[in-house]
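# Observations on the three-dimensional arrangement
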Amino acid sequence: MLKINDTDAVRFLDGAPDYEAADAALATLLKGDGAGNDFLGWVRLPFDYDKEEYSRIKLCAERIRKDADALIVIGIGGSYLGARAVVEFLCSPRHNEDPKGSPRIYFTGNGIDGADIAQILRLVEGKSVYLNVISKSGTTLEPAVAFRVFKDYVERTYGKEEARKRIVCTTDARRGALKSLADKEGYECFVVPDNVGGRYSVLTAVGLLPIAAAGIDIDALMKGAADMADICSKPGKDNPAVVYAATRQALYRKLGKKTEILSCPSESWRFVSEWWKQLYGESEGKQGLGIFPASCVYTADLHSMGQYIQDGERTLMETFLTCAEPAEDITVPDSAENADGLNYLTGRSLKSIYACAKEGVKQAHVSGKVPCMEIEIARPDAENLGGLLYFFEAACGISGYMEGVNPFDQPGVEEYKRNMFKLLGRP
């Protein structure tokens, strides 16, 4: 299901990573007696989810797929990154350009950009539109502004009565501005659980509704997560989350490797790495500590970041994400002219060419004193991706506890909000 190889990282260490400390952190996570234990609902989520709500998610997604040409997903941070990661990985970043990729899915409300919202309004004009607004409070500035704009559009286009059927809210179960509005207007609602933080919420309604609306098998996604949760509940080196957390913390503490690059093989992985960056950055970056999460897509980014990774400041570690079997593959055709000199590759698959490129990159980076790990999934399907997502969540909790911080709060995020609202003149 998932393999991890840390050989090219451990060789840089004087001794093995501290697996005992990682096992102790895992025990704290599973017992629920550490910092932030009010937000550990994700640990058992693949087993202990609300089955009635899960059924409603499927029914709502079916209705959207039947009635909508476009689904506009409004959310920021953990309210959209997980869903977008899954949709782009399993359906393609070009999902909206595929005639079979119905409905089109537009993610917005994740920044303050009038041009982005205006363009989406133009793209959906004349199409059947549904909204899924995702916000626990309903007052976070970026999604709240976007929701106000698109709610106005849907109400003007369809009338208030029809708009009520086309607006779906994922929010707090009992309170908050969005929950109050949803109750008043009669919007269908799904729950952001109190005990699951936003960056760990991809396997809740937050992620599952847009993922299911894209036609992805959420049963397979949850099965993969459940299988990985079983694996990640056991101590020792057979647990890949223990290995990953222990190795990256050893590189950070012993060698000062302060930046981790997650290197992905294609554009379809890009938002997996964006989701990973929020998960690790927001969980570990506090109290003056933390490994900075960065990402690259290979081989494209070798032509922009390759020089620095190979020859820049030696504070980097790197983790390669790979897939044993690609979703599709093609072979290099023959050319009578051979003007590009590539006939030696005739008949070779791009999969085999990429494997050589990736191995060559890893060898070069290791020789340049960048410790490297590799995480491989078997196939690019929902079950394997569900396992990968849960693996990263479990490893993040373990790594955060090893670091000595609360992996489930984000006190630093509030400072910019206070400054911003003061400048905006919010009463």
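Along each chain, residues carry numbers from 1 onward, in the same order as the chain's sequence is written. Since the coordinates come from a predicted model, pLDDT governs what is reported: local features require at least 70, and pairs of side-chain atoms require 80 or more to be given and counted, while whole-chain, interface and lining totals use all residues. Derived side-chain values reflect all non-hydrogen atoms in the structure, with water molecules and hydrogen atoms excluded from consideration.

## Some points on the nonpolar core
Note the cut-off: Residues enter a nonpolar core if they are buried and are Ala, Val, Leu, Ile, Met, Phe, Trp, Tyr or Cys, with the set joined through side-chain atoms within 4.5 Å. Per-residue accessibility, obtained with a 1.4 Å probe over protein chains only, is compared with the maximum for each type, and a residue is labelled buried under 20%, exposed over 50%, and partly exposed between these values. Starting at the N terminus, helices and strands are each numbered in turn, a helix being any DSSP run of H or I of at least four residues and a strand any DSSP run of E of at least two. Only heavy atoms enter the contact rule, under which two residues are in contact if any of them lie within 4.5 Å.
Of all hydrophobic cores here, the largest spans 93 residues; its most connected members are Leu388, Phe392 and Ile398. With 13 residues, the top contributor of residues to this core is helix H15 (residues 382-403). Excluding residues that lie within four positions of it along the chain, Ile398 makes contacts with Ala22, Ala25, Leu26, Leu29, Ala241, Val242 and Ala245.

## So, helix H14 (residues 350-367)
Test applied: Here the expected length of a helix is defined as 1.5 Å per residue gap, with one fewer gap than residues. The arc in question is the one traced by the directions running from the helix axis out to the C-beta atoms.
Counted at 1.5 Å a residue, the expected span for H14 with its 18 residues is 26 Å, and the 26 Å between its end C-alpha atoms agrees. Taken as a whole, H14 has its buried residues at Lys358, Val361, Lys362, His365 and Val366. Viewed along the axis of H14, the buried residues span an arc of 125 degrees, placing them on a single side of the element. Looking at H14, the residues exposed on the side facing more than 90 degrees away from the buried face are Gln363 and Ser367. Buried residues along H14 sit against helix H1 (7-10), helix H13 (306-311), strand S9 (316-323) and strand S10 (372-377). Phi turns positive one or two residues past the end of H14, at Lys369, with a value near 70 degrees.

## Some details on the environment of Leu81
Along the polypeptide, Leu81 turns up in helix H4 (residues 81-91). Overall, the relative accessible area of 8% leaves Leu81 in the buried class. Along the primary structure Leu81 and Leu342 are separated by 261 residues, whereas in three dimensions their C-alpha atoms are 39 Å apart.

## Things to note about the pattern of salt bridges
Side chains carrying opposite charge are able to pair once their charged atoms draw close together. The line we're drawing: Put simply, a salt bridge is a Lys or Arg side-chain nitrogen that is within 4 Å of an Asp or Glu carboxyl oxygen.
As enumerated under the stated definition, the model contains 33 salt bridges in all. Close ionic contact of Arg270 with Glu267 constitutes a salt bridge, the shortest N to O distance being 2.7 Å. Accessibility expressed as a relative area gives 37% for Glu267, which makes it partly exposed. A single network of salt bridges, built from pairs that share partners, joins Asp8, Arg11, Lys358, Glu359, Lys362 and Glu374.

## So, the pairing of strand S5 (residues 167-171)
Applied cut-off: Pairs of strands are assigned from DSSP output, requiring at least two bridges between the strands.
Buried residues dominate S5, accounting for five of its five residues. The side-chain alternation of S5 yields two buried faces, one formed by Ile167, Cys169 and Thr171 and the other by Val168 and Thr170. Here strand S4 (residues 129-134) runs beside S5; their pairing, made up of four bridges, is parallel. Residue pairing in the sheet places Val133 in a bridge with Cys169 of S5. Summarising the sheet, S5 and strand S6 (residues 188-191) pair through four bridges and their orientation is parallel. In the sheet register, Thr171 faces S6, and the bridge partner there is Val191.

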